[in-house]
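Structural features, examined
So you can see what is in the structure, the chains are spelled out below.
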Amino acid sequence: MKRIYSILLAVLMSAAMLAQTEYLPISVYAADDSESFPKGSKAMIENKLTQLLTKNGIAGLDYMGQFVLTVSSTPLDKDIIPGPPMKIAEKMEMNLYIVDSYAKTIFSSASFTVRGLGETENKCYLNAISHMPLQTPQIAQFIDEGKQKIIRYYDHEGEVLIKKAMYLAKKKEFEEALWIVSLIPQQSKHYDAALATGQEIYQMYLNNECNLYLAAARQAWAAEQNSKGAAAAGEYLQNILPDAGCYDEAMELYREIKGKVLDDWKFEMKKYQDGIDLEKQRIEAARQIGVAYGTHQPAQTTSIEFLRSIL
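Residues numbered from 1 in each chain as written. Predicted model: local features only at pLDDT ≥ 70, side-chain atom pairs only at ≥ 80, totals over all residues. Heavy atoms only, no water.

The secondary structure content of the protein chain amounts to 10 helices and 6 strands. Expected size for 311 residues packed as a compact globule is a radius of gyration near 19 Å; at 25 Å, the protein chain overshoots this value by more than 25%. For the protein chain, the C-alpha atoms occupy an extent of roughly 85 × 50 × 35 Å along the three principal directions. Taking all 311 residues of the protein chain together, the buried fraction comes to 47%. Within the structure as shown, the protein chain displays about 16,100 Å² of accessible surface, and the carbon and sulfur contribution to it stands at 52%. In the protein chain, which carries 33 positive and 39 negative side-chain charges, the distance between the mean positions of the two groups comes to 1 Å. (Helix = DSSP H or I, 4+ residues; strand = E, 2+ residues; numbered from the N terminus. Rg over C-alpha atoms; globule rule 2.2 N^0.38 Å. Buried < 20%, exposed > 50% of the residue type's maximum accessible area, 1.4 Å probe, protein only. Areas by Shrake-Rupley, 256 points an atom, 1.4 Å probe, with all protein chains shown as cover. Lys, Arg positive; Asp, Glu negative; His and termini not counted. Charge placed at Lys NZ, Arg CZ, Asp CG, Glu CD.)

Put into structure tokens, the structure is as follows:
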């Protein structure tokens, strides 16, 4: 498994993207079976909502979380424009919501009207969605109100969440622990504590992974002390990073193998380059492990039902 090093390789690009926006643990959601919009429009609506966040300086989650931005529509009036081809013109009200889907609470809402035009009802709706405004004073106020309530939530719950993360880490449930602390936004008063805890958990994670890889490398080398065994051991050693707790022991094994197979083994242990900002890379690597965990968690059924109830 090469996920640790792969995560670090992605860090600089990810960090650059985050630097342009303000992180907030908010997801976007559209129900594909909602009466508000035609079937098949889910992807388009969620893309539009993501653009709305980005245009207003927010980098959210790309998976379903606790806090959600969603939208519904209400038809207001419809006209049939004679053809050929005949077209449908419809005015509709768009209703935006930022909600705590776990607590089933609406944090903020905003409404505005848009017009759609198309040869069919579906095309008319999709055209209306495409004209949804992304940057207006009303939307900025709507986003800010939701943001402040999310921050207040983490100000109130942050200490409990950090303690839970450490409890999970001690049980070696590192990915979930890193996910929990990664959600606490920079605007929260608990952010610095979450950051420090995240780095502590990340070091525990690295040390645990190092021990597992080193044990596997030793076993592979003990089984065949030749070029084949060296190659097998190298598959495990390549995942061990320089700041892992057992790196020195891994280097001893590396030197032992290298001393026996010499030039037949082209493998080199991982080393950090001079001049890189290791602390920033560690912070982002820890965050990415948490993101990967959150991405693969199933959305809560009760949360989805609540979201559908307001659409």
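Looking now at the state of the cysteines. Within the structure shown, the criterion is met by 1 disulfide. The disulfide bridge from Cys 210 ends at Cys 246, spanning 1.7 Å between sulfur atoms. An S-S torsion of about -105° defines the bridge between Cys 210 and Cys 246 as left-handed. With Cys 210 in helix H6 (residues 191-223) and Cys 246 in the loop between helix H7 (227-237) and helix H8 (247-261), this pair connects stretches of sequence that are 36 residues apart. There is no split in this pair, since Cys 210 and Cys 246 are both buried. (Disulfide = S-S within 2.5 Å.)

Here we come to the pairing of strand S5 (residues 87-100). Among the 14 residues that make up S5, 11 are buried, leaving the element largely enclosed by the rest of the structure. The pairing of strand S4 (residues 67-81) with S5 spans 14 bridges and is classified as antiparallel. Paired with Lys 78 across the two strands is Glu 90, which belongs to S5. A loop of 5 residues connects S4 with S5, the two strands running antiparallel in sequence. Inspection of the sheet shows S5 paired to strand S6 (residues 105-118) by 13 bridges, in the antiparallel sense. (Pairing = 2+ DSSP bridges.)

Once that is clear, we can look at the sheet that holds S5. Taken together, the 4 strands give an open sheet; going across it, the order is S2-S4-S5-S6, and neighbouring strands pair in mixed fashion. With partners counted over all chains shown, the strands left at the sheet margins are strand S2 (26-29) and S6, one partner each. Taken over all neighbouring pairs, the strand axes of this sheet differ in orientation by 20° on average, direction set aside. Strands S2, S4 and S5 of the sheet are contacted by helix H2 (residues 42-55), whose axis makes an angle of about 150° with S2. Running at roughly 140° to S5, helix H10 (residues 301-310) makes contact with S2, S4, S5 and S6 of the sheet. (Axes fitted to C-alpha atoms, helices over the stretch in contact; angles between N-to-C directions. Contact = heavy atoms within 4.5 Å.)

Once that is clear, we can look at the environment of Glu 173. Residue position: Glu 173 is located in the loop between helix H4 (137-170) and helix H5 (174-182). With 32 residues separating them in the primary sequence, Glu 173 and Tyr 205 have C-alpha atoms 8.9 Å apart.

Right, let's talk about the confidence of the model for the protein chain for a bit. Summing up the model confidence of the protein chain, the mean pLDDT is 89 and the portion of residues at 70 or higher is 93%. pLDDT under 50 marks residues 5-19. Its contacts with residues more than four places away, or in other chains, come to 20 contacts. (pLDDT = per-residue confidence, 0-100.)

Take unusual backbone geometry next. Residue Lys 104 is not a glycine yet carries a positive backbone phi of 60°. Here Lys 104 lies in the loop between S5 and S6. Although it is not a glycine, Leu 262 adopts a positive phi angle of roughly 50°. One can find Leu 262 in the loop between H8 and helix H9 (278-295).

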